[in-house]
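Close look at the chain arrangement
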Amino acid sequence: MGFEQFIQFMKQVQGRVGSAFFTSYQSQMNPQHIALLRDLHNELNVEKDFTTPLDKLNVVVFDLETTGFFPDQGDSILSIGGIKVRGSKILEDETFYSCVFHDAQLSSEIKELTGLTDTDVKQAPSLSDVVHEFFGFIQKDTLVAHHAAHEKGFMQKATWELYRTQFQHRIVDITFLIRLADPDLPLQLDDCCERCGIPIKNRHHALGDAKMTAKLWSIYVEKLQALGYQTLRDVYEDVAKKT
């Protein structure tokens, strides 16, 4: 159910459930945030991205740091980092990074792993503001992540909770490209970076991991083109055959 359909549904049942709930729910939704996402959804063309030559594809490589692995069990986003890549060219100056407000105390494991502190997240902008800014940064670009199911699950949850609509941007898992070019390579980010000579810096920092993944994306886009892969469709079709 899209946002407009949801609001229409709520108006229809408002008389039965009372106006207090509807008014309260509506007041939590920022009209400017909703308008941006609606415009992006109207302009998205994931099929075009699927057939765009890899050397012309505009992507945002991104990473999330979270309190755990299970968004449906209450785990939350703590920070978002991203960097833009055009074809295989990394745009070093076009980056995004923000912590996300989190009221509960972070576990010692999360603090040690990510380097985040309670102060970092308690003084950070709300999830609504950060996601809105992130959508403004990515616009219509395809998203790329390492082991993308993690990022996809949390972005789906955030988009639904904030806008009551589905997350519609395509997220490409970079491990698909790695499997085709280097099928025997372990798929952990550290292993991939070491194999490709990429220095491991700021590990488990959302922007640090995004930058390392962007370097991998740049390398593997060129490797796959040399192997004859021209588009994401070529990649997905061959991955499906080998699965």
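In this text, all values refer to a predicted model and were calculated from it rather than measured experimentally. (Residues numbered from 1 in each chain as written. Predicted model: local features only at pLDDT ≥ 70, side-chain atom pairs only at ≥ 80, totals over all residues. Heavy atoms only, no water.)

1. Comments concerning the nonpolar core
Side chains that are nonpolar tend, in soluble globular proteins, to be buried together. Stated formally: Residue types Ala, Val, Leu, Ile, Met, Phe, Trp, Tyr and Cys, when buried and joined through side-chain atoms within 4.5 Å, form a set referred to as a nonpolar core. Categorising residues by exposure relies on relative accessible area from a 1.4 Å probe, with only protein chains included: less than 20% of the type maximum marks a residue as buried, more than 50% marks it as exposed, and the intermediate range marks it as partly exposed. By the criteria applied, helices consist of DSSP H or I runs no shorter than four residues and strands consist of E runs no shorter than two, each listed in order from the N terminus. Contacts are residue-level and defined by heavy atoms, with any inter-residue pair within 4.5 Å sufficient.
By size, the foremost hydrophobic cluster in this structure holds 32 residues, and its most contacted members are Val61, Leu177, Leu216, Trp217, Leu224 and Val235. Mapped onto this core, the elements with two or more residues apiece are β1 (58–66), β2 (77–86), α9 (174–181), α10 (189–196), α11 (206–226) and α12 (232–242). A per-element tally of this core places α11 first, with seven residues. In contact with Leu224, other than residues within four places in its own chain, are Leu54, Leu177, Leu180, Ala181, Tyr229 and Val235. Ranked by size, the runner-up nonpolar core spans 26 residues in total, among them Leu37, Phe96, Leu143 and Tyr163.

2. Points about the pairing of strand β4 (residues 142–145)
Side-chain positions along a regular strand alternate between the two faces of the sheet. Condition: For two strands to count as paired, DSSP must find a minimum of two bridges between them. Seen with its strands pointing away from the viewer, a crossover is right-handed when the path leading from the first strand over the helix to the second is clockwise.
Alternating residues of β4 divide into Thr142 and Val144 and Leu143 and Ala145, and every residue in both groups is buried. Strand direction decides the pairing type here: β1 and β4, joined by three bridges, are parallel. Along β4, the bridge assignment pairs Val60 with Leu143. A crossover connection joins β4 to the parallel strand β5 (residues 171–173) through helix α8 (residues 149–163); in handedness this β-α-β unit is right-handed.

3. Things to note about helix α7 (residues 127–138)
Convention followed: In a helix, the anticipated span is given by 1.5 Å times the number of residues less one.
Relative to the 16 Å expected for twelve residues at 1.5 Å per residue, α7 spans 16 Å between its end C-alpha atoms, a close match to the ideal helical length. Ser128, Val130, Val131, Phe134, Phe135, Phe137 and Ile138 are the residues of α7 that are buried. Gln139 sits one or two residues past α7 and shows a positive phi near 50°.

4. Comments concerning the confidence of the model for the chain
Just so we agree on the cut-off: Note on scores: pLDDT gives the predictor's confidence for each residue, bounded by 0 and 100.
When pLDDT is averaged along the chain, the result is 87, and 85% of the positions lie at 70 or above. Throughout residues 9–27 the model reports pLDDT below 50, and contacts reaching past four residues in sequence, or to other chains, amount to eight contacts.

5. Observations regarding the pairing of β1
Burial analysis of β1 places eight of its nine residues in the buried class, the great majority of the element. Pairing of β1 with β2, which is carried by nine bridges, proceeds in the antiparallel orientation. Residue pairing across strands places Val60 opposite Lys84, the latter belonging to β2.

6. Re α10
Counting along an α-helix, one turn takes 3.6 residues, and residues three or four places apart therefore face a common direction. What counts is decided by this rule: Along the arc lie the directions from the helix axis toward the C-beta atoms.
When we look at burial in α10, the residues that qualify are Leu189, Cys192 and Cys193. Within α10, the buried residues cover an arc of 95° as seen down the axis, which keeps them to one side. Across from the buried face of α10, at angles greater than 90 degrees, the exposed residues are Glu194 and Arg195. Structurally, α10 contributes buried residues whose contacts are with α9 and α11. Positive backbone phi, approximately 75°, marks Gly197, located one or two places after α10.

7. Observations concerning the packing of α10 against α11
Operational definition: Convention adopted: a line fitted to C-alpha atoms gives each axis, helices being fitted over their contacting stretch, and angles between N-to-C directions are expressed from 0 to 180 degrees. Roughly parallel covers angles under 35 degrees, roughly antiparallel covers those over 145, roughly perpendicular covers 65 to 115, and oblique covers all other angles. Less than a right angle of anticlockwise turn of the near helix away from the far helix marks a crossing as left-handed, whereas a clockwise turn marks it as right-handed. Basically, the charged four are Asp, Glu, Lys and Arg, the nonpolar ten are Ala, Val, Leu, Ile, Met, Phe, Trp, Tyr, Cys and Pro, and anything else, Gly included, counts as polar.
At a closest axis distance of 10 Å, the pairing of α10 and α11 adopts a crossing angle of 50°. Classified by the angle between their axes, α10 and α11 sit oblique to one another. In terms of crossing hand, the pair formed by α10 and α11 is left-handed. The segment α10 lies against α11, with Leu189, Cys192, Cys193 and Cys196 engaging Asp209, Met212, Thr213, Leu216, Ile219 and Tyr220. When its residues are assigned to classes, the contact of α10 with α11 shows eight nonpolar, one polar and one charged.

8. A word on the pattern of salt bridges
What counts is decided by this rule: A carboxyl oxygen of Asp or Glu within 4 Å of a side-chain nitrogen of Lys or Arg is what we treat as a salt bridge.
This model, assessed by the stated rule, comprises six salt bridges. Across the pair Arg86 and Asp141 runs a salt bridge, and its minimum N-O distance is 3.3 Å. With a gap of 55 residues between them, Arg86 in strand β2 and Asp141 in the loop between α7 and β4 connect regions that are remote in the sequence. For Asp141, a relative accessible area of 13% gives the class buried.

9. Brief notes about the environment of Asp190
Note the threshold: Definition of a polar contact: a pair of N or O atoms within 3.5 Å, with one able to donate and the other able to accept a hydrogen when the atoms are protein atoms, and with sequence-neighbouring residues admitted only if both atoms are side-chain atoms.
Inspection of the secondary structure puts Asp190 in helix α10. Residues Asp190 and Arg203 lie 13 residues apart in sequence; the distance between their C-alpha atoms is 8.7 Å. Of the polar contacts made by the side chain of Asp190, one reaches the side chain of Arg203; its length is 3.0 Å.

10. A few points about unusual backbone geometry
Phi at His147 takes a positive value of approximately 50°, unusual for a residue other than glycine. Mapped onto the secondary structure, His147 falls in the loop between β4 and α8. Of note in this structure, Asn202 is not a glycine but carries a positive phi near 55°. Relative to the assigned elements, Asn202 resides in the loop between α10 and α11.

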